[in-house]
Amino acid sequence: MSTPVLDRTAPTAHPVLDVLADRWSPRAYDAATPIDEEKLASALEAARWSPSANNSQPWRFIVARRGTALHDGIHAALMGFNQAWAGNAAVLIVAVAETAAEDGTPITHAVYDLGQAAAHLSVQAHHDGLVVHQMSGFAPEQIRELVGLGERFAPMTVIALGDLGDVEALPEPLQQREVAPRVRRPIAETVIASA
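Residue indices begin from 1 for each chain and proceed along its sequence in written order. Only residues with pLDDT of at least 70 get local features here, since the model is predicted, and only at 80 or more are side-chain atom pairs given and counted; chain-wide, interface and lining totals rely on the full set of residues. By convention in this description, side-chain values take in all heavy atoms of the structure and omit both hydrogens and water.

K.L.:
Is there a simple way to explain the side chain of D113 in this structure?
P.N.:
Inspection of the secondary structure assignment puts D113 in helix α5 (residues 110-127). Classification of residues uses two cut-offs on accessible area relative to the type maximum, computed with a 1.4 Å probe and protein chains only: under 20% is buried, over 50% is exposed, and between them is partly exposed. For the charge count, each Lys or Arg is scored as positive and each Asp or Glu as negative, with His and the chain ends excluded. Every case where a carboxyl oxygen of Asp or Glu lies within 4 Å of a side-chain nitrogen of Lys or Arg is listed as a salt bridge. R60 provides the closest opposite charge to the buried, salt-bridge-free D113, at an N-O distance of 10.0 Å. From its side chain, D113 meets the backbone nitrogen of A53 in a polar contact 2.9 Å long. If we ignore the near neighbours within four places in the chain, the residues touching D113 are P51, S52, A53, S56, P58 and W59. Strands here mean DSSP runs of E at least two residues long; helices mean DSSP runs of H or I at least four residues long; both are numbered from the N terminus. Polar contacts here mean pairs of N or O atoms no more than 3.5 Å apart (in protein, one a potential hydrogen donor and the other a potential acceptor; neighbouring residues in sequence count only if both atoms are side-chain atoms). By definition, residues are in contact when any of their heavy atoms lie within 4.5 Å.

K.L.:
Before we go on, may I ask you to explain the nonpolar core in this structure?
P.N.:
Soluble globular proteins: nonpolar side chains tend toward being buried together. Only buried residues count toward a nonpolar core. Its members are Ala, Val, Leu, Ile, Met, Phe, Trp, Tyr and Cys residues joined through side-chain atoms within 4.5 Å. If you look at the biggest cluster of nonpolar residues, it comprises 24 residues, and the most contacted ones within it are I74, W85, L92, M135 and V158. Those residues within four positions of M135 in sequence are excluded, and the remaining contacts are L78, N82, W85, A86, L92, T157, V158, I159 and A160.

K.L.:
Just checking my understanding: could you explain the packing of aromatic side chains for this structure?
P.N.:
Remark: the centre distance and the inter-plane angle together describe each pair of aromatic rings, the angle taken between the planes. Note on ring pairs: Phe, Tyr and Trp rings are taken, using the six-membered ring of Trp, and paired if centres are within 6.5 Å. Classes follow the plane angle, with under 30 degrees stacked, over 60 edge-to-face and the rest tilted. Tallied over the full model, the rule gives one aromatic pair. With a centroid separation of 6.0 Å and an interplanar angle of 15°, the aromatic rings of Y29 and W85 are classed as stacked. Pair noted here: Y29 is in the loop between α1 (18-22) and α2 (37-48) and W85 is in helix α4 (residues 82-85), with a separation of 56 residues, a long-range link. The ring of W24 has R8 lying over it, and the distance from NZ or CZ to the ring centre is 4.8 Å. Only Lys NZ and Arg CZ are tested; either one counts as a charge over a ring when it is within 6 Å of the ring centre and within 35 degrees of the ring normal.

K.L.:
What is the right way to look at unusual backbone geometry in this model?
P.N.:
As a rule of thumb, non-glycine residues mostly have phi less than zero, and peptide bonds are mostly trans rather than cis. At N54, a position not held by glycine, the phi torsion is positive, near 55°. Tracing the backbone shows N54 in the loop between α2 and β1 (59-65). A positive phi angle, near 55°, is found at N55, a position not held by glycine. Position of N55 among the secondary structure elements: in the loop between α2 and β1.

K.L.:
Mind showing me how you'd approach the pairing of strand β4 (residues 153-162) here?
P.N.:
Consecutive side chains of a regular strand alternate in pointing toward one face of the sheet and then the other. Of all 10 residues making up β4, nine are buried, and the element is well covered by its neighbours. When DSSP finds at least two bridges between two strands, those strands are taken to pair. Where strand β2 (residues 91-98) meets β4, eight bridges bridge the pair, whose relative direction is antiparallel. Looking across to β4, one finds that L92 is bridged to A160. Two strands pair when backbone bridges link them, and strand β3 (residues 131-135) and β4 are joined in this way by five bridges, in the antiparallel orientation. Within β4, the position partnered with V132 by the bridge is L161.

K.L.:
Explanation requested: the sheet that holds β4 in the structure shown.
P.N.:
The strand order across the open sheet formed by four strands is β1-β2-β4-β3, and the pairing between neighbours is antiparallel. Only two strands of the sheet have a single neighbouring strand rather than two, namely β1 and β3. Along the sheet, successive strands turn relative to each other by an average axial angle of 25°, direction set aside. Axis lines are fitted to C-alpha atoms, over the contacting stretch for helices. Their N-to-C directions set the angle, which ranges from 0 to 180 degrees. Of the strands in this sheet, β1, β2 and β4 are in contact with α2, which crosses β1 at around 170°.

K.L.:
Even after reading the chapter, I still don't get helix α3 (residues 69-77), so can you show me in this structure?
P.N.:
Structural remark: α-helix, 3.6 residues per turn; residues separated by three or four positions point the same way. Within α3, the full set of buried residues consists of H71, G73, I74 and A77. For α3, the buried positions fall inside an angular range of 165° around the axis, keeping them on one side. For α3, the secondary structure elements touched by its buried residues are β1, α4, β2, α6 (140-147) and β4. Note that the arc is defined by the directions from the helix axis to the C-beta atoms.

K.L.:
Any chance you could explain the pattern of salt bridges here in plain terms?
P.N.:
Pairs can form between side chains of opposite charge once their charged atoms are near each other. One pass over the structure, following the stated rule, counts seven salt bridges. A salt bridge links R60 to E98; the nearest nitrogen and oxygen atoms lie 3.2 Å apart. Here the residue R60 occupies a position in strand β1, and E98 occupies one in strand β2, the gap between them amounting to 38 residues. What makes E98 buried here is its relative accessible area of 9%. In this structure, R144 and E141 form a salt bridge, with 3.3 Å as the shortest nitrogen-oxygen distance. In this pair, R144 and E141 are both assigned in helix α6, three residues apart and thus about one turn of the helix distant. Overall, R144 belongs to the buried group, its relative accessible area being 10%.

In structure tokens:
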């Protein structure tokens, strides 16, 4: 299959690292290529070494390779149009926040730390030539039941990971989203106070 080369570099107002400007969230995945296990391991290693308050590391990952019952179960928990494309990803990863310690003490920074771990995973994967798309449209309770996840753990996002596929293989509305210009609000609207 011939995958068109898309220039998805962000039009940044200020210089940033190439790996950050070039990172984007595609929906077109190559359904024929299995995951490169070394690249997957590096992405998970990057997440492992992300910043963590008190080194508590309140994150967990459920890693499901395409062709397994676990991948099928996570795919079934996706909602809306996510099911139309995410099943082609070589790996579906559920990012889980440990929201309470074993003794029940709330871990108030868990979601923040998990976000950093997911970001590190995303940047490392992109650096290694993989593509990543994070999704909030899924049924957390379905994931919880699928893997027997305890109440102190909260599934927060599902991450599609793999090789870039052919945009033309997507349904028409998703093709348009895939090639639409990348936009962000200006920094002036993001920074609410600065001195």
